[in-house]
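# Examining the three-dimensional arrangement
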Amino acid sequence: MSKIYDIAIIGGGIIGSSIAHFLSERGYKVAVIEKGRIASEASKAAAGLLGVQAEWDEYDPLFDMARKSRRMFKGLSEKLREKTGIDIGYEEKGIYRIAKSDEAAEKLLQIMKWQQQTGEESHFLSGAALREKEPNVSQSIVGAAYYPTDGHVIAPELARAFAHSAAISGAEIYEQTEVLDIQMEHNRVTGVVTSEGMISSDKVIIASGAWSTKLLRHFDKSWGTYPVKGELLSVKSYKPLLTIPVFEDGFYIVPKRGGRYVIGATVKPHTYNKAVYAESIQYLMERAIGILPGLKEAEWETAWAGLRPQSQHSVPYMGKHPDIQGLYSCTGHYRNGILLSPISGEYMADLLEEKQTNSLLDSLTRREGLAFKN
Ligand code: FAD
Ligand code: GLY
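Here's a quick rundown of the structure. Throughout this description, residue numbers start from 1 for each chain and increase along the sequence as written. To read the labels, note that chains go from A and ligands from 1, taken in the order they are written. This being a predicted model, a pLDDT of at least 70 is required before a residue's local features are given, and a value of 80 or more before pairs of side-chain atoms are given or counted; all residues contribute to the totals for chains, interfaces and linings. In computing side-chain values, all of the structure's heavy atoms are included and hydrogens and water are not.

## Some thoughts on the overall build of the protein chain
Note the following rule: Comment: elements are numbered from the N terminus, with helices defined as DSSP H or I runs of at least four residues and strands as E runs of at least two. Only C-alpha atoms enter the radius of gyration; for comparison, a globular chain is expected to reach 2.2 Å times N to the power 0.38, where N is the number of residues. Buried means the residue's accessible area, taken with a 1.4 Å probe over protein chains only, is under 20% of the maximum for its type, while exposed means over 50%, and partly exposed covers the values in between. We call two residues in contact when some of their heavy atoms are within 4.5 Å. Under the convention used here, a 1.4 Å probe and the Shrake-Rupley method define accessible areas, while residue burial counts only the protein chains that appear. Think of it this way: Lys and Arg go in the positive column, Asp and Glu in the negative one, and His and the chain ends go nowhere. In plain terms, the charge of a residue is placed at NZ if it is Lys, CZ if Arg, CG if Asp and CD if Glu.
In terms of helices and strands, the protein chain carries 11 helices and 19 strands. Taken against the 2.2 N^0.38 rule, which gives 21 Å for 374 residues, the C-alpha radius of gyration of the protein chain at 21 Å falls within 12% of a compact globule. Looking at the 374 residues of the protein chain, the share that counts as buried comes to 57%. Long-range contacts, defined here as pairs at least 24 residues apart, represent 74% of the contacts in the protein chain between residues at least 6 apart. Carbon and sulfur atoms form 49% of the exposed surface of the protein chain, whose accessible area is close to 15,600 Å². Separation of charge centres in the protein chain, based on 44 positive and 46 negative side chains, amounts to 1 Å.

Laid out in structure tokens, this is it:
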């Protein structure tokens, strides 16, 4: 199995697949090594929200990366459909962030204010104005911020489309192949040791989601990722109940094509157990029906869980090892890895080509004391 690649990417989630897409398109010989199947973990579970404004309560430099990433989706969705035949279900009609009290509405107005100062559009709607647009929303909602440029995609389709695109451009995808360690000689990467043998490469990128800790130790022993489990469910309704997603402090209802409503998600740190519990279903359904009473008559479809990869430093580890030549990491995207996938792929490709001058990410990693050579 010891073929020689320019770059070996550890992990075939949306982040590894996006990096593979961008690097393969630039002519590099790439291997993606995945212990299960492509898009079988967090990237399969995600609701697919592109919630730049919905998810950021306070400004940080990642907000700027997120909005740059959001702008890449339109072109990407067309390009990926043309190249791979996969429709990523891109919807760009906006997201409502709702408030159930005057206090919550006041907080929304404050968030809207700083976001507007960065140039991002938003509109405050009273409860009545919201119900004019969305007549099925409960009377208990007193107002909403409408973010017209937020949107959503079908997350696993995007991850698969990235991987297919990479393969069409020459990448090799190794599924059911676990990376056991990174191989080095004299502070220089030479490849990866896998469950199926050695794969040689000049560069290695760690993109292993919630399983990255052991590999990240090559950077620093304080680095690591841990899982934050999220449980979701979906129901179906022939009646159109909602046109765009509603979001409320980490909870959301996302109308998907074909009358599906994805409802999520719980937040349970430090467990790799992906069981879905009855009390989580009760919590999610009660909260959803409280916002959209018509969901009572929707038909049950399914429930699932996934593991958000959170970094020990609460910012994604995206960069180049300061001393080990050829070692990179790109993981720890926590709640927003789908949204951040295009910019992460492009950023890593630029970094490998030494074209990268992302002072935003530099300031973020410096703030957290992360020793990268970006
Ligand atoms: P993963 O998709 O977990 O991929 C990592 C891969 O690495 C896995 O497939 C794993 O098998 C593989 N791997 C690990 N170790 C090894 C090894 N040693 N050798 C080989 N392979 C290995 N984000 C959004 O932007 N919008 C959303 O609406 C959204 N909703 C979410 C809802 C839930 C319930 C969850 C759980 C997440 C959600 N996210 C969302 C977050 C998003 O899903 C993640 O940030 C993103 O999927 C992370 O991608 P990844 O490629 O880093 O991780
Ligand atoms: N971003 C949605 C979630 O992580 O649940």
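## Points about the site of ligand 1
Put simply, the rule reads: A single heavy atom is enough: if one lies within 4 Å of a molecule or strand, its residue is considered near that molecule or strand. Nitrogen and oxygen atoms within 3.5 Å of one another constitute a polar contact, given that in protein one can donate a hydrogen and the other can accept it, and given that sequence-neighbouring residues count only through two side-chain atoms. Cavity means a closed set of points on a 1 Å grid over the protein atoms alone, one where a 1.4 Å probe fits but cannot get out, pocket means an open set with protein on both sides within 12 Å along at least 5 of 7 lines, and lining means a residue has an atom within 4 Å of a point. Think of it this way: a molecule belongs to a cavity or pocket when more than half its atoms come within 2 Å of the grid points there.
Near ligand 1, the surroundings consist of 37 residues, among which Glu34, Ser43, Leu49, Tyr334 and Arg335 are the closest. Within the side chain of serine 43, an N or O atom sits 2.5 Å from an oxygen atom of ligand 1. A distance of 2.8 Å separates an oxygen atom of ligand 1 from a polar backbone atom of leucine 49. Judged by the fraction of its atoms near the pocket grid, ligand 1 is located in the largest pocket.

## Things to note about the site of ligand 2
Taken together, Glu55, Tyr252, Ala265, Arg308 and Arg335 make up the full set of residues near ligand 2. The separation between an oxygen atom of ligand 2 and a polar side-chain atom of arginine 308 is 2.7 Å. One nitrogen or oxygen atom from the main chain of arginine 335 is found 2.8 Å from a nitrogen atom belonging to ligand 2. Here ligand 2 has 200 Å² of accessible area as a free molecule, and 88% of this is covered by the chains.

## A few points about the environment of serine 208
Looking at the element boundaries, serine 208 is found in the loop between β11 (197-206) and α8 (213-216). The class of serine 208 is buried, set by a relative accessible area of 13%. A sequence separation of 109 residues divides serine 208 from alanine 99, and the C-alpha atoms of the two residues are 36 Å apart. Filtering out sequence-adjacent residues up to four positions away, serine 208 remains in contact with Ile10, Gly11, Leu215 and Thr331. Among the polar contacts listed, one links the side chain of serine 208 to the backbone oxygen of isoleucine 10, at a separation of 3.3 Å.

## As for empty space enclosed by the protein
So the rule is basically this: Grid points are joined across faces, edges and corners, and a volume is the space filled by probe spheres set on the points.
Counting across every chain of the model gives 1 cavity of 30 Å³ or more. The volume enclosed by the largest cavity comes to roughly 30 Å³.

## Observations concerning the packing of helix α4 (residues 61-84) against helix α10 (residues 341-352)
Just so we agree on the cut-off: Axis definition: a line fit to C-alpha positions, over the contact stretch in the case of helices; interaxial angles, taken between N-to-C directions, run 0 to 180 degrees. When an angle is under 35 degrees it counts as roughly parallel; over 145 it counts as roughly antiparallel; between 65 and 115 it counts as roughly perpendicular; any other value is oblique.
Between α4 and α10, the least distance of the axes is 7 Å, while the angle of their chain directions is 100 degrees. Taken together, the axes of α4 and α10 are roughly perpendicular relative to one another. Contact residues: α4 offers Met65, Lys68, Ser69, Met72, Phe73 and Leu76, while α10 offers Ser341, Pro342, Ile343, Glu346 and Tyr347.

## Points about the side chain of histidine 21
The residue histidine 21 is located in helix α1 (residues 14-25) in this model. Looking at histidine 21, the relative accessible area reads 2%, which means it is buried.

## A word on the pairing of β11
Heads up, the rule is: In short, DSSP must find at least two bridges between two strands for them to pair.
Relative to β11, strand β1 (residues 4-10) is paired through 6 bridges, and the arrangement is parallel. Its bridge partner being in β11, alanine 8 is matched across the sheet by valine 204. Sheet topology places strand β10 (residues 188-194) next to β11; 4 bridges connect them, and they run antiparallel. What sits directly across from valine 192, in β11, is isoleucine 199. What sits between the antiparallel neighbours β10 and β11 is a turn of 2 residues. Both β11 and strand β19 (residues 327-331) contribute to a ladder of 3 bridges, which runs parallel. Within the sheet, the bridge partner assigned to valine 204 lies in β19 and is leucine 327.

## Details of the layout of surface pockets
Roughly 830 Å³ of internal volume is contained in the largest pocket. Lining of the largest pocket is provided by 50 residues; of these, Ala42, Ser43, Gly209, Leu307 and Pro309 occupy positions nearest its centre. Of all elements in the fold, only α1, α2 (42-45), β9 (179-185), α8, β12 (225-236), β17 (299-311) and β19 reach the threshold of two or more residues within the lining of the largest pocket. If you tally residues by element for the lining of the largest pocket, the top one is β17, at 4 residues.

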